[in-house]
Amino acid sequence: LGNVLYKSDTELSDAQSDIKAAMWYNKSIDPYYQAGLLSADANSIYEWVYGKTERHCESCKKLNGQRHRLRRWKANIMPKSSELDCEGFLCDCGLVKVRGRERGNYLQ
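This report concerns the structure included in the present document. (Residues numbered from 1 in each chain as written. Predicted model: local features only at pLDDT ≥ 70, side-chain atom pairs only at ≥ 80, totals over all residues. Heavy atoms only, no water.)

**Let's talk about the overall build of the chain**
Counting secondary structure elements, the chain contains five helices and three strands. Sequence-ordered secondary structure for the chain, helices as α and strands as β, is α-α-α-β-α-β-α-β. Across the 108 residues of the chain, 31% fall into the buried class. On the chain, roughly 7500 Å² of surface is accessible, and the fraction owed to carbon and sulfur atoms is 50%. (Helix = DSSP H or I, 4+ residues; strand = E, 2+ residues; numbered from the N terminus. Buried < 20%, exposed > 50% of the residue type's maximum accessible area, 1.4 Å probe, protein only. Areas by Shrake-Rupley, 256 points an atom, 1.4 Å probe, with all protein chains shown as cover.)

**Some details on the pattern of salt bridges**
A pair can form between side chains of opposite charge whenever their charged atoms are brought close. For the structure on display, the rule yields five salt bridges. The shortest N-O distance in the salt bridge between Asp-41 and Lys-97 comes to 3.2 Å. Of this pair, Asp-41 sits in helix α3 (residues 30-41) while Lys-97 sits in strand β3 (residues 94-98), and the two are 56 residues apart along the sequence. Glu-47 serves as the salt-bridge partner of Arg-67, at 2.8 Å between the closest nitrogen and oxygen. In this pair, Arg-67 is assigned in strand β2 (residues 67-69) and Glu-47 in strand β1 (residues 45-49), connecting sequence segments 20 residues apart. (Salt bridge = Lys/Arg side-chain N within 4 Å of Asp/Glu carboxyl O.)

**Considering the side chain of Ser-59**
Relative to the elements of secondary structure, Ser-59 occurs in helix α4 (residues 58-63). For Ser-59, a relative accessible area of 4% gives the class buried. A distance of 3.1 Å separates a polar side-chain atom of Ser-59 from the backbone nitrogen of Asp-85. If we ignore the near neighbours within four places in the chain, the residues touching Ser-59 are Leu-84, Asp-85 and Tyr-106. (Polar contact = N/O pair within 3.5 Å; in protein donor to acceptor, adjacent residues only side chain to side chain. Contact = heavy atoms within 4.5 Å.)

**Section: the side chain of His-56**
Mapped onto the elements, His-56 comes out in the loop between β1 and α4. At 3.1 Å, the side chain of His-56 and the backbone oxygen of Thr-53 are in polar contact. Sequence-distant contacts of His-56, that is, excluding residues within four places in its chain, are made with Tyr-50, Gly-51, Lys-61 and Cys-93.

**Observations regarding the packing of aromatic side chains**
On inspection of all chains with the given rule, the structure shows one aromatic pair. Between the aromatic rings of Trp-48 and Trp-73, the centroid separation amounts to 5.5 Å while the plane-to-plane angle is 45 degrees, which identifies the pairing as tilted. Of this pair, Trp-48 sits in strand β1 while Trp-73 is found in helix α5 (residues 70-76), placing the two residues 25 residues apart along the sequence. For the pair Trp-48 and Trp-73, a shared accessibility class is recorded, and that class is buried. (Phe/Tyr/Trp six-rings, centres within 6.5 Å; stacked < 30°, edge-to-face > 60°.)

**Focus on unusual backbone geometry**
Residue Lys-80 is not a glycine yet carries a positive backbone phi of 70 degrees. With respect to the helices and strands, the residue Lys-80 is situated in the loop between α5 and β3. For Lys-80, a relative accessible area of 13% puts it in the buried group. Its identity as a non-glycine residue notwithstanding, Glu-87 has a phi of 65 degrees, on the positive side. Along the chain, Glu-87 turns up in the loop between α5 and β3.

Structural data, given as structure tokens:
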């Protein structure tokens, strides 16, 4: 596997090499984390928050600050999802558990 990922004939910059791990995590491991969170805490309110990414896609801009029950998020869209305009590869947005009422109507 290492030989395939790091072929000498590919010309990856250091910056491209540095983001491979984050891209792999977002598409391979994060879906399992989200499924576990949903099974444990589906009824709690979660707010979409920006991550450290400098530029955010249109989907993340619309979702930022919205609050919904976790089961509603999961039924519609989640951070790092392929359905986002950014396709989730370098998305660093997340859901943070909060108290209070739902707000926002992007999911409707």
